[in-house]
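Secondary and tertiary structure notes
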Amino acid sequence: MRACANTQGVFCVYKPADVHWKLVRDTIETNLLKGVNATHPQPVPREVRFLVSSSDEPGAAKGLRVSPAAVPVLSKHPLVTGPEFQQIKVGVGHRLDTSSSGVLVLAVGNGNKTLNDLYNTRITRDYTLECEFGMATHDFSHTGRVLERSTYDHISEDKLERVTAMLEGANQKALRMYSTVDMGSQEAYEMAAKGLLGPDGKSAPILTGLRCIHFQPPKFTLEVQCLNETQKYLRKVVHEIGLELRSTAVCKGVRRTRDGLFTLQDALTRHHWSAADVMEAIYKYHSSKRNQKKILFPIRESTLETSGSRLTGTHQNKDAAAG
Amino acid sequence: MTMSTSAKLCLRWRGLLFSKTSTRLQCFQVQRCNSAASSASISSGLFLNHNLTTTHTRIKIKHQKCCYNNLTSKHLTTEAKEDKYKDLSRTDVIEYKPALSPRTDAFSVSEHVISLDLDVAEEYSALEEISDEEAAGISIPANIPPASNSLRDYVDKSETLTKLVQLGVHLWKLEQRPNVGSMLLRLDFNTDVAPRLLFLKQIGVENSRLGYIITHNPFILTADLDNLQARVNYLKSKKFSSETVASMVSRAPFLLSFSVKRLDNRLGFYQQQLKLSASNTRDIVARLPRLLCGSLEPVKENLKVCEIELGFKQNEIQHMVIAVPKVLTANKKKLTQIFDYLHNTMKVPHHLITKFPQVLNTKFLRLRERHLFLEYLEKAQYDPTLARYISLDRLVSLPDETFCTELALATLDDFYLFQKTL
């Protein structure tokens, strides 16, 4: 399959809530196929065939008249062969479960290799959790079977902040534990100073950052930065916060606002899932990658893969700056 | 030997697969066919007595061979060695019909042939000069595989397939369905396909729609013409006008494949279940001819859902079906999901939904986005008695830009930004 540069790359979409991620991926694939097939119409090749006609008129030359005719070869006709492209490889990055929404990274064609590298590196993701006090359900979300109801008047913002700080501290400790460096060494100190500590590959989910951005009982909103997480784990965290505050809480909405370097700003909404928009997003990604290569500084760490390490480097710095 | 390789000109033979040279080929090969296994080695120009494996996608062209054999037999009678070839061709014809006992037949022919072999070999040499007419008269056996997974190999040589492609039939879709490819190859254009196409044109179907109809219902080309005529007459007797019948057949290609009894059953069902007048029934069937094609079970379930689960009264259901017949064939889950959102979240009462039934036809995501946007702007007001009322049909049917500028009084970018916060 001939590959155009603008259909190979990585981009992100905004997955709406209550839609399975596979449906999103299939829709994008269908739209891309429509676009690519429409722009590559191949003309039907013609071949020359000879028509034999014997002359029946009396008195005419007694030979055969052979006339050539250019006839289209129907076996190459699009109605017989079908569309030129019948499949495009579209891969999905970190998945989002059905009831969550947010940034979903997809890759087309050769971009799948980049996606693989991205998936394996240690990059954090940003979530916004809309939560509510007063209820506990079996799957920690507001649509589940209610197990318990409780009051929440005693909860103040101060208490909530104390709990989130405690959780953040516990998670930082877990971060240090999962990193493969001996905690007593100079190397560990230097890495921690640069913010390069962390688990390699699979580990338990770790929240590198957790804070409350909006508090209005019974509703409150949390912002989380995490590694190796699942959306169900995040809802469980909300449930545990409720328990710590001697009440109960459920998570009404999980929304991913950032996945690595892809933010909400770059995400394509449902109305922009046509082939042209996707190709434009891929183009933007390629051009931003070109700009970044000029800016980034090299990192000593050799175990991390090259593209991933640059991403982690800039990201951890951003995190440290944001506090 | 003026075998296939010595032909001087490429000839355009419409579908003529066999030639005198190929039958001669058969004689020789058959003779050499000592053991059962080598029957497969017979040249590609001959679609012989293979036990063609019956995977459903394989296309069998045996029947066509029979009629081509008749052509070759006529051709052969003009030959010098007429009698012997006649015998051969006759035995050939007999041979092709039964697929079961290939090898015994092959052996029986070989006995006839042995005596002719050497004479034939002496008669024709490759360096002999022949006249132009004779050269033109040699036809090359077509290089077509005996069985294939795709119609691509046969389309250039088969008249039926060529004409179908010119009509606009999507052969690539049809060849994926089991048995359809073989069936299409077996059809003869003049006797099978042309009368049915003429029939469709007589009813009033446009030329451009013929391709669409055959792509979706290729079995219309094997339907009995009398049956088709009977069904059209039945529809006309139920007072459907000719233009309506033409448009119904164009939009529902399977319509004429159902028996008169089944069509009658369905029309009766819609009239009785929904308690509609005859003209109303005709109207909804004309607008959605698919109603007559599918099974009645999902329709019955949908009606029960509307009555019991959604709580609509009979006259309300009647009104909705007359306005938007698609409600009858809609997906049950989607229908209940939209209704649940409308009634419980948007607090729209039953009578308003009955007034605007097209809202049940929309995509759920679209409805939700727009409603939440209006709620955020505090403009979500669907009660006609109060001020700043937004009608449901405008809410769902307007394109995005018009919705933003007229109903929400915001820009399109704001709408897209808002969607990212959901």
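What counts as what
Residues numbered from 1 in each chain as written. Chains lettered and ligands numbered in written order. Predicted model: local features only at pLDDT ≥ 70, side-chain atom pairs only at ≥ 80, totals over all residues. Heavy atoms only, no water. UniProt positions renumbered as here; feature names shortened; annotations may be inferred. Helix = DSSP H or I, 4+ residues; strand = E, 2+ residues; numbered from the N terminus. Phe/Tyr/Trp six-rings, centres within 6.5 Å; stacked < 30°, edge-to-face > 60°. Buried < 20%, exposed > 50% of the residue type's maximum accessible area, 1.4 Å probe, protein only. Axes fitted to C-alpha atoms, helices over the stretch in contact; angles between N-to-C directions. Parallel < 35°, antiparallel > 145°, perpendicular 65-115°, else oblique. Left-handed = near helix turned anticlockwise from the far one by under 90°. Contact = heavy atoms within 4.5 Å. Nonpolar A, V, L, I, M, F, W, Y, C, P; charged D, E, K, R; others polar. Disulfide = S-S within 2.5 Å. Salt bridge = Lys/Arg side-chain N within 4 Å of Asp/Glu carboxyl O.

1. A word on the UniProt feature "domain: Pseudouridine synthase II N-terminal" (unreviewed entry) in chain A
- When the UniProt feature table is mapped to this numbering, "domain: Pseudouridine synthase II N-terminal" (unreviewed entry) covers residues 85–231 of chain A.
- In this annotation, residues 85–231 of chain A is assigned 29% helix and 32% strand; the end-to-end C-alpha distance for the span is 35 Å.

2. Side note on the packing of aromatic side chains
Residues and elements named next belong to chain B.
- Scanning the entire structure with this criterion turns up eleven aromatic pairs over all chains.
- Note on Phe269 and Tyr270: the rings are 5.5 Å apart at their centroids and 75° apart in plane angle, and the pair reads as edge-to-face. You'll find Phe269 and Tyr270 in the same group, each marked buried.
- On the numbers, 5.3 Å between centres and 85° between planes, the contact of Tyr341 with Phe364 is edge-to-face. Here Tyr341, found in helix H18 (residues 332–345), pairs with Phe364, found in helix H20 (residues 364–376); they are 23 residues apart in sequence, far enough to count as distant.
- Aromatic ring contacts, followed pair by pair, group Phe373, Tyr376, Phe403, Phe415, Tyr416 and Phe418 into a single cluster.

3. Remarks on the packing of helix H16 (residues 297–309) of chain B against H18 of chain B
All names here are of chain B.
- At their nearest, the axes of H16 and H18 sit 10 Å apart, and the two run at 25° to each other. The orientation of H16 with respect to H18, classified from their angle, is roughly parallel. The handedness of the crossing between H16 and H18 comes out as right-handed. Contact with H16, carried on its side by Glu301, Asn302, Val305, Cys306 and Glu309, involves Lys332, Leu335 and Thr336 of H18 and no other residues of that element.
- Of the residues assigned to the contact of H16 with H18, the class counts are three nonpolar, two polar and three charged.

4. Brief notes about the state of the cysteines
- For the coordinates displayed, the defined rule picks out zero disulfides over all chains.
- Among the cysteines around Cys251 of chain A, which has no disulfide bond, Cys131 of chain A carries the closest sulfur, lying 4.8 Å off.

5. Focus: the pattern of salt bridges
Residues and elements named next belong to chain A.
- Tallied over the full model, the rule gives 21 salt bridges over all chains.
- Two residues, Asp126 and Arg258, come together in a salt bridge whose shortest N-O distance is 3.6 Å. Residue Asp126 is found in strand S6 (residues 125–133), and its partner Arg258 is found in strand S11 (residues 249–259); the two are separated by 132 residues along the sequence.
- Linked by salt bridges that have partners in common, Lys22, Arg25, Asp26 and Glu29 make up one network.

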